[in-house]
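Tertiary structure, described
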Amino acid sequence: MRNPIGMIRRSQQLRSHLKAPRERLPGGSRRWIRSSMDWLVAEFGRDVLLRPIALPSDLIPDGYDGSVAAATELCGRIDAWMDLRPGQCGLSFELDGVRRPVNGLVVKEQSGRWIRTNGKNQILLAPALAADPVALIATYAHEAGHELLLGSGRISLVRRPDHESLTDLLTVFYGLGIFTANAAYEYRPRPNGRGKQPLARGYLRESALSEALAHYAKLRGERHPDWDRYLDPPVRRGLRNQLVVLHR
């Protein structure tokens, strides 16, 4: 007979793992976020940091229908928000998402990929993203971040082995952190229809994103940001707790 207490504890441990940063952050999350955000300010300018944060109504149009055409138009809005030229990267919704189960639970799926080419760099997205505009914005912003960081030569894989986490942080810096945070962790129906299983996206994930959003707000002079109401409750609670710590 299975031990129900042991199963609950294992599930809780796995959920905690899925909400923690996927990669080790040099020096710890708080120090890494502070130094990396300072680097982004130096590279892209403080004016980017001080722009209005993106709210769902700013990017997702009324009547969004989940079609590839609507998703493509939405990606174009992200290009403009992140200062990419229209069509700077080629875009395809033909990426086959790969899910890796651990202990019967989905840990990660591949939703996007940035590819360097001899001509125009490419962004590939999983077609299922078109139906979920929040996850689409988070994923596309991350891949567009690769274009800004790797495609521009600002960083290299050798110099910044933490480049994936840095790219997640870039989406926060560009005011898209609500989407990155809300898409970081969710429950999906199991393939057999029995209950739900957790799905983790991205690299910073909920715990580090709470810290990143708190530091972002502090740099902007926002002690009680009104945009936190758009965050999922776990991230909102984490953000508020971190702001208390930062303002002690």
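Our subject is the structure listed above.
Presented here is an overview of the structure given in this document. (Residues numbered from 1 in each chain as written. Predicted model: local features only at pLDDT ≥ 70, side-chain atom pairs only at ≥ 80, totals over all residues. Heavy atoms only, no water.)

1. As for unusual backbone geometry
We count it as follows: Under the DSSP-based scheme used, a helix requires at least four consecutive residues in state H or I and a strand at least two consecutive residues in state E, with every element numbered from the N terminus. Partly exposed residues are those whose accessible area sits between 20% and 50% of the maximum for their type, while under 20% is buried and over 50% is exposed, using a 1.4 Å probe and protein chains only.
Despite not being glycine, D83 has its phi angle at roughly 65 degrees, a positive value. Along the chain, the position of D83 falls in the loop between helix 5 (68-81) and strand 1 (90-92). The class for D83 is partly exposed, based on a relative accessible area of 42%.

2. Some words on helix 5
We apply this condition: In this analysis, the expected span of each helix is defined as 1.5 Å times one less than the number of residues it contains. Should any heavy atoms of two residues lie within 4.5 Å, those residues are counted as being in contact.
End to end, helix 5 covers 20 Å across 14 residues, agreeing with the expected 20 Å (1.5 Å per residue, within 8%). Residues of helix 5 that are buried include every one of A70, A71, L74, C75, I78 and D79, and no others. The elements touched by buried residues of helix 5 are helix 4 (56-59), strand 1, strand 5 (122-125) and helix 6 (133-151). Directly after helix 5, the chain includes D83, whose backbone phi takes a positive value near 65 degrees.

3. Describing the pairing of strand 4 (residues 112-115)
The following threshold applies: Should DSSP find at least two bridges between two strands, the strands are regarded as paired.
The side-chain alternation of strand 4 yields one buried face, formed by G112 and W114, and one unburied face, formed by R113 and I115. Relative to strand 5, strand 4 runs antiparallel, the two being bridged by 4 bridges. Within strand 5, the residue paired with W114 across the bridge is I123. Where strand 4 folds back onto strand 5 in an antiparallel hairpin, the turn is made up of 6 residues.

4. Focus on the environment of L125
With respect to the element layout, L125 can be found in strand 5. Take L125: its relative accessible area is 0%, and that puts it in the buried class. The spacing of L125 and L95 is 30 residues in sequence and 5.2 Å in space, taken between C-alpha atoms. Not counting residues up to four positions away in its chain, the partners in contact with L125 are C75, L91, S92, F93, E94, L95, S111, G112, L136, T139 and Y140.

5. What to know about the packing of helix 7 (residues 163-173) against helix 9 (residues 205-219)
Any two packed helices are characterised by how steeply their axes cross, that is the angle between the axes, and by the distance between the axes. As a reminder of what qualifies: The convention used is that axes are lines fitted to C-alpha atoms, helices contributing only their stretch in contact, and that angles between N-to-C directions extend from 0 to 180 degrees. Angles are sorted into four bins: roughly parallel if under 35 degrees, roughly antiparallel if over 145, roughly perpendicular if 65 to 115, and oblique for all others. By convention the crossing between two helices is left-handed if the near helix lies anticlockwise of the far one by an angle smaller than a right angle, and right-handed if it lies clockwise.
Relative to each other, helix 7 and helix 9 sit at 40 degrees, their axes nearing to 10 Å. Taken together, the axes of helix 7 and helix 9 lie oblique to each other. Relative to helix 9, the crossing made by helix 7 is right-handed. Only L209, A212, L213 and Y216 of helix 9 make contact with helix 7, whose side of the interface consists of L169, V172 and F173.

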